[in-house]
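So you can see what is in the structure, the chains are spelled out below.
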Amino acid sequence: MSIVIRPVPVAPAMLIGSSIPEYEKPVWDIGADYPVGVQVTYLDHDYESAQAPNVGNNPGASPLHWTLISASNRWRMFDPVGEIKSVAANPLVVTLMPGTRIDSIALRGLRATTVNIEVREGEGGPVIYQFSKRLTRTGIGSWSQYFFEPFYLLDAVTVRDIPLSRRAVITVTIAGDATVAISDLVIGRSAYIGNAEYGAQAGIVSYGRKDRTTTGGSRLRRGRFARRNSLHTFVKSAEKDFVFKTLADLRETPCLLQGTTASGHELLTLFGTYEDFSVDIAYVAASLLSIEFLGFAEKTEPEGF
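Draft legend 1. Molecular detail of the nonpolar core. Phe 78, Leu 92, Ile 105, Ile 117 and Leu 185 are the most contacted members of the largest nonpolar core, which totals 36 residues. When contributions to this core are tallied by element, the ones reaching two or more residues are β7 (92-96), β8 (104-108), β9 (114-121), β10 (127-134), β11 (157-159), β12 (168-175), β13 (179-182) and β14 (184-192). Take this core: its biggest share by element is four residues, from β12. Beyond its immediate chain neighbours, meaning those up to four positions away, Ile 117 contacts Ile 105, Tyr 129, Gln 130, Phe 131, Val 159, Ile 170, Thr 171 and Val 172. Counting residues in hydrophobic clusters, the runner-up holds 16 residues, among them Leu 231, Leu 257, Leu 270 and Phe 293.

Draft legend 2. How the structure looks around the sheet that holds strand β4 (residues 45-49). Reading across from one edge, β3-β4-β5 is the order of the three strands in this open sheet, with antiparallel pairing throughout. Each edge of the sheet is formed by a strand with only one pairing partner; in this case those strands are β3 (39-42) and β5 (66-71). Going across the sheet, the axis of each strand differs from the next one's by a mean of 30°, ignoring polarity. As defined by bridge partners, β4 adjoins β5 across five bridges and the pair is classed as antiparallel. Pairing of Asp 46 across the sheet is with Ser 70, part of β5.

So, how was this worked out
- Residues numbered from 1 in each chain as written.
- Predicted model: local features only at pLDDT ≥ 70, side-chain atom pairs only at ≥ 80, totals over all residues.
- Heavy atoms only, no water.
- Core = buried A, V, L, I, M, F, W, Y, C linked by side-chain atoms within 4.5 Å.
- Buried < 20%, exposed > 50% of the residue type's maximum accessible area, 1.4 Å probe, protein only.
- Helix = DSSP H or I, 4+ residues; strand = E, 2+ residues; numbered from the N terminus.
- Contact = heavy atoms within 4.5 Å.
- Pairing = 2+ DSSP bridges.
- Axes fitted to C-alpha atoms, helices over the stretch in contact; angles between N-to-C directions.

The following block contains the structure:
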């Protein structure tokens, strides 16, 4: 089965707890004079002073005086198009109260060894859902790989069976070594878009550069990359209009595509936007969906981590 998860944007009122401090940089002071290079936090975003003198210039409205770095560390995991991961001392604990019914949570870009998700019915209420997973080694096909190839851990987790409740309080705990990291924490509702067929394709779009010198040499500049998927699904005729409307409503909307819910195909799951889709009414009882999906560029970790 193939699904998309329609995210619920995380507003400040929904975030009722986080082990990441609210302010890791000084809060912008309207009366202070900031030299070039000094960084501050203003409305959950980090800025760097771009020129001096710099007094009384609102960071959110003065691009000549302030350069936007990113969302603050606490909020980077909720910024789908950001470039930097949230990084925290082990363990990272985040508590959300969405206030709306959700059935899915996706964690992307993890640097950790274990993940735990607990859902309670109201603050301090009974536990209605529990999930734990150890991010074990992946891609092992032989004893030679087991002993001699690099050790890779899973960097993504998706769960789709959370009980629907408007009072749900969700606590996500990410544990690992001295520091852990996460690119995206996505909450939302899942929607069916058919049954995956063989022939799906997965790859990347690289944003690095290869420059030629005047003597014919090469300079390679390694850059970020984005995942891309090409997917084909089989949709019952009675469901084709629903699938079409679901995808049409998600245009230019960040969402998570899970190409198949079957295990062992994690490369068909990505977070981004679809580029194009079409429904081929091929048979009386069924239609065929083709969708091209481009993920957001992989986030990096802050310098020093």
